[in-house]
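In case you want the letters, here they are:
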Amino acid sequence: MRVLPLDDEAADLATAGGKGSSLARLSRAGLPVPAGFHITTEAYREGEISDALAKEIMAAYAALGDDVPVAVRSSATAEDLPGMSFAGQQDTYLNVRGDGLLDAVRRCWASLWNERAVSYRAQNGIADEDVAMAVVVQELVAADAAGIMFTANPINGARDETVVNASWGLGEAVVGGLVTPDTITMKDSTVTSYEISDKAVMTVRTPDGTEEEPVPEAMRTQPVLTQARAVQLKGLGDRIEDLYGTPMDIEWAMRDGAFYILQARPITGMNLHLEEWNDSLKGDYLWTAGNLGEAIPDVMTPATWSLVQIFIHEAMSASALPGFDLVGNIGGRFYMNLSITISIAKAVGMGGRLSAVEQVFGKIPPDLDIPPLKASRWEIIRLVLPLFFGIRKRVSDGLALMPGFLETAMARNKDIRRKIEETTDPEALAALWDDEVLPYFVESCRVLEAAGRQGGSSLVFTRDKLHKMMGEVDAEAMLTGANADGELASMGPIVGLGRLERGEITRAEFAELYGHRGPHEFEVSIPRPGEDPAWFDAQLEGLHKTDTQQLLARQEEAREQAWKRFAERYPGKEAKMRERVKKWNAVVRSRETTRSEVIRAVWALRAFLVRAGELTGHGDEVFFLPIDGLLAVLRGAPMPDVAVKRATYERYAALPVYPTLIVGAFDPVRWAADPNRRGDIFDARGVSTPVSDTVTGFPGAPGIVEGVARVIAGPEDGDRLKAGEILVTTLTNVGWTPMFPRAAAVVTDMGAPLSHASIVARELGIPAVVGTGNATMRLKDGDRVRVDGERGTVEVLAG
């Protein structure tokens, strides 16, 4: 698309540039942003403004009103990234009207190559060919006053102070340094300092554009904003900082007492030398965000990363290889080292069974040269053999623990959270960690390891065997029913919400049973659904529009019909195959149940950190310490300054989701600035696997359906999905489950046949295509598409 509405979901960094994507995000969040539209990087790459493009631009302009004055702002793809603001490097044109719009667009494009911009890119190591230009066109606010707001103090770095610069007229006089503005400092809802300046000049509109003129004498030393208005403006700043999760530099304007947000970018230059969280720099490996990365989809706080490392040590010890990192932290996000998994498989003679790896972690491009470990086959075997022998005992011990653990897990969790809440002394809280909290978490991890190791091959080979015997549709129907013989944990939130709606359980009972499950369930800094009363109302509202019981009943009928056809085709073999599938479903349930109990344990870990913040007086700063550092603070050590860790986290959290597959050294900030970046794979070797023009993936659940594609960035935007629409997203986990009954089909970038989306879609009988790698790149919000869950294809339909 060459022209997009201002709030369009497709207006991301690569399409609308830094300024444009930020304004789109602000507009979608309901902030007061002047109306307008984007002229995308696609239009820039075409070069000249063709007659067709000119018509599109002028049609969008006409939709704003009759001869409306607009601001025309450049928006480069490397602009407003964390650490690189690009402020002032490209041009803005104000009070543009009518035929002058196209000329202003051309001048914005040309400003990408002015001396300032070229020099700035060179200083920051950004190649010219890695940058493209979009343009934002917005109604010009005829401002009585304008200025800049910083949601953290840019002078002293204080995160709890907001600083506002304010002057008369348009904001260009402040931004351009032509006037000394009033400076207002606020903390909470109180003005702590108000410095009134002698404001000599102001920028005003003229018939030909803008100009500076003297401020009337009576206004020069008058405060621009009342204290009440300043606090009101700070409220908008707080909303914007909450939206981005980082301190922001915000341009604002005021007209007739109403505020407008003109631009917002992360604050740069606060004298913090940020850390680099990047395990991709350790060597040439293939990293994947599939599987566990789908359960841990967020940029992790240091506390979460330290707890994830405990989880990996206890739940995946057999997959580790001494001397190599099984998992990594790349730009704050969780990745697994597939070079280890594949090198071990090849060393022990299982290289031909790599399809089993794909069924768990997702597709690997067939022509991708996977970097092997720098170790000989015999060296790998020597390192692996002790693990093979050790895991048998660990699995045996874990399976012995499992029945008792699962029987008492819910009550144990409730009891531990109660003890955490009742603890009033920091040292006593640290002792509780050693005595009860950590042992509980470790035990949950070991039980999950044991459940994950039982029947592993049957999960893959039972499914393969049925596919060969009955074909995709009947095989997948026969494999459903994991929720029929006992509750499947991934289905728990849907089933529980239905019971809650029918009055069979109370909200408190739902919170105890399922309140630990959510889209961000591994990130301990984020509240659980069970802590948020508003979550229940939102989910129940969505449930009113669907009938989950009807979906399950329909799938049960399809399952029995498939079994009937099996019995007719293979006389005498039904009982044996039913027993095999029953075991298959039991393994699936066991894995899902133990995974759910690990997440329930993580709820206790979150309760521990929250209480630690309360008892030490450090609040949410505790999330920016690894757990060992926090325990030291509880035992009397001084609290370290976490400003750098917080700022590092916020830098990474402001970036788009990284590629599913990463080969070699990866720089998240540079990647985010690349207009040609890919969300499926990054290969530092410069070898590029072909970009597919089609959307294909694993057949997650069979069925063919046509409908409107609704591209959803995150579960918080789930209310955009209407009943009968097709859910298109990067990944899903259990937090997305309540949305599934509304969807006619599900399409994901990440995923595999044994991933969450596939399992839940099969149980509900919803067609699904998972692990496409490129669905969110190729499908636009509102496209009409055909999803074929049997062949694993998605086709965009004309008109």
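Residues numbered from 1 in each chain as written. Predicted model: local features only at pLDDT ≥ 70, side-chain atom pairs only at ≥ 80, totals over all residues. Heavy atoms only, no water.

### Observations concerning the overall build of the chain
- In terms of helices and strands, the chain carries 26 helices and 26 strands.
- Its C-alpha atoms give the chain principal-axis dimensions of about 95 × 65 × 60 Å.
- For the chain, with 799 residues in total, the buried portion stands at 56%.
- For the chain, contacts bridging at least 24 residues in sequence account for 68% of all contacts bridging at least 6.
- Counting every atom, the chain has about 32600 Å² of accessible surface; 51% of that belongs to carbon and sulfur.
- Seen as two clouds, the 84 positive and the 112 negative side-chain charges of the chain have centres 8 Å apart. (Helix = DSSP H or I, 4+ residues; strand = E, 2+ residues; numbered from the N terminus. Buried < 20%, exposed > 50% of the residue type's maximum accessible area, 1.4 Å probe, protein only. Contact = heavy atoms within 4.5 Å. Areas by Shrake-Rupley, 256 points an atom, 1.4 Å probe, with all protein chains shown as cover. Lys, Arg positive; Asp, Glu negative; His and termini not counted. Charge placed at Lys NZ, Arg CZ, Asp CG, Glu CD.)

### Quick notes on a positive patch on the surface
- Taken together, K465, K468, K573, K576 and R580 make up a surface patch of like positive charges.
- At the level of elements, α15 (456-470) and α21 (574-616) are the ones that each hand at least two residues to the positive patch.
- As for its placement among the helices and strands, R580 is situated in helix α21. (Patch = residues over 30% accessible without salt bridge, like charges linked within 9 Å, V, L, I, M, F, W, Y side chains within 5 Å. Salt bridge = Lys/Arg side-chain N within 4 Å of Asp/Glu carboxyl O.)

### Some remarks on the nonpolar core
- With 96 residues, the main nonpolar core has F311, F334, F608 and L609 as its most contacted residues.
- Sort the elements by how many residues they give to this core and helix α14 (residues 426-453) lands first, with eleven residues.
- The contacts of F334, once residues within four sequence positions are left out, are T288, A289, L292, G293, I296, M300, W305, V308, I312, V327 and G328.
- Counting 40 residues, the second largest nonpolar core, distinct from the first, contains W584, F740, V760 and I766. (Core = buried A, V, L, I, M, F, W, Y, C linked by side-chain atoms within 4.5 Å.)

### Quick word on the sheet that holds strand β23 (residues 745-748)
- Spatial ordering of the open sheet is given by β19-β26-β25-β21-β22-β23-β24-β20, a layout of eight strands whose pairing is mixed. Edge positions in the sheet fall to β19 (695-696) and β20 (698-701), since each of these pairs with one other strand and no more.
- Looking at chain direction, β19 and strand β26 (residues 793-796) are connected through two bridges and run antiparallel. Bridge pairing links T696 to T793 in β26.
- Across the sheet, helix α25 (residues 756-764) lies against β20, β23 and β24 (768-770), angled at about 45° from β20, the strand it touches most. (Pairing = 2+ DSSP bridges. Axes fitted to C-alpha atoms, helices over the stretch in contact; angles between N-to-C directions.)

### Things to note about the packing of α14 against α21
- For the pair α14 and α21, the least separation of the axes is 9 Å and the interaxial angle reads 165°. Classified by the angle their axes make, α14 and α21 are roughly antiparallel. Pair α14 / α21 crosses with left-handed handedness.
- Here the contact of α14 with α21 is composed, by residue class, of 18 nonpolar, four polar and five charged. (Parallel < 35°, antiparallel > 145°, perpendicular 65-115°, else oblique. Left-handed = near helix turned anticlockwise from the far one by under 90°. Nonpolar A, V, L, I, M, F, W, Y, C, P; charged D, E, K, R; others polar.)

### Quick look at the sheet that holds strand β14 (residues 286-288)
- Spatially, β15-β16-β14-β17-β18 is the arrangement adopted by the five strands of the open sheet, whose pairing is mixed. Two strands in the sheet have a free side with no partner beyond their single neighbour: β15 (327-330) and β18 (681-683). Neighbouring strand axes in the sheet, compared pairwise and without regard to direction, differ in orientation by 25° on average.
- Packed on one face of the sheet, helix α10 (residues 302-315) meets β15 and β16 (333-337) and runs near 165° to β15.
- In the packing of helix α11 (residues 338-347) onto the sheet, contacts are made with β14 and β16, and the angle to β16 comes to roughly 15°.

### Notes on helix α23 (residues 643-653)
- Those residues of α23 that sit buried are R646, A647, T648, Y649, E650, R651 and Y652.
- In this fold, the buried residues of α23 make contact with α24 (668-673).

### Regarding the packing of α21 against helix α22 (residues 627-634)
- Remark: α21 packs on α22, axes separated minimally by 11 Å, with the N-to-C direction vectors making an angle of 35°. The element α21 and its partner α22 pack so that their crossing is left-handed. Taken together, the residues of α22 that come into contact with α21 (itself represented by F608, L609, A612 and T616) are I627, L630, L631, V633 and L634.
- In terms of residue class, the contact of α21 with α22 is made up of eight nonpolar, one polar and no charged.

### What to know about the side chain of N413
- Looking at where N413 falls in the secondary structure, it is placed in helix α13 (residues 377-422).
- A distance of 3.0 Å separates a polar atom in the side chain of N413 from a polar atom in the side chain of Y440.
- Aside from chain neighbours lying at most four places away, what touches N413 is Y440, R600, A601 and A604. (Polar contact = N/O pair within 3.5 Å; in protein donor to acceptor, adjacent residues only side chain to side chain.)

### Some words on a negative patch on the surface
- Judged by side-chain charge, D208, E211, E212 and E213 come together as a negatively charged surface patch.
- Structurally, E211 is set in strand β11 (residues 209-214).

### Some remarks on the packing of aromatic side chains
- Applying the stated criterion across every chain, the model contains 15 aromatic pairs.
- Pairing Y285 with W287 gives two aromatic rings, centres 6.0 Å apart and planes at 85°, and the pair type is edge-to-face. Of the two residues examined, Y285 and W287, each falls in the buried class.
- Between F566 and Y570, the ring centres sit 5.1 Å apart and the planes meet at 45°, which makes this aromatic pair tilted.
- Overall, F566 belongs to the buried group, its relative accessible area being 0%.
- Within the aromatic cluster, the residues linked to one another by ring pairs are Y658, F666, W671 and F682.
- Note that R377 overlies the ring of W378, its terminal NZ or CZ placed 5.1 Å from the centroid.
- When the ring centre of Y652 is taken as reference, the NZ or CZ atom of R651 above it lies at 4.6 Å. (Phe/Tyr/Trp six-rings, centres within 6.5 Å; stacked < 30°, edge-to-face > 60°. Lys NZ or Arg CZ within 6 Å of the ring centre and 35° of its normal.)

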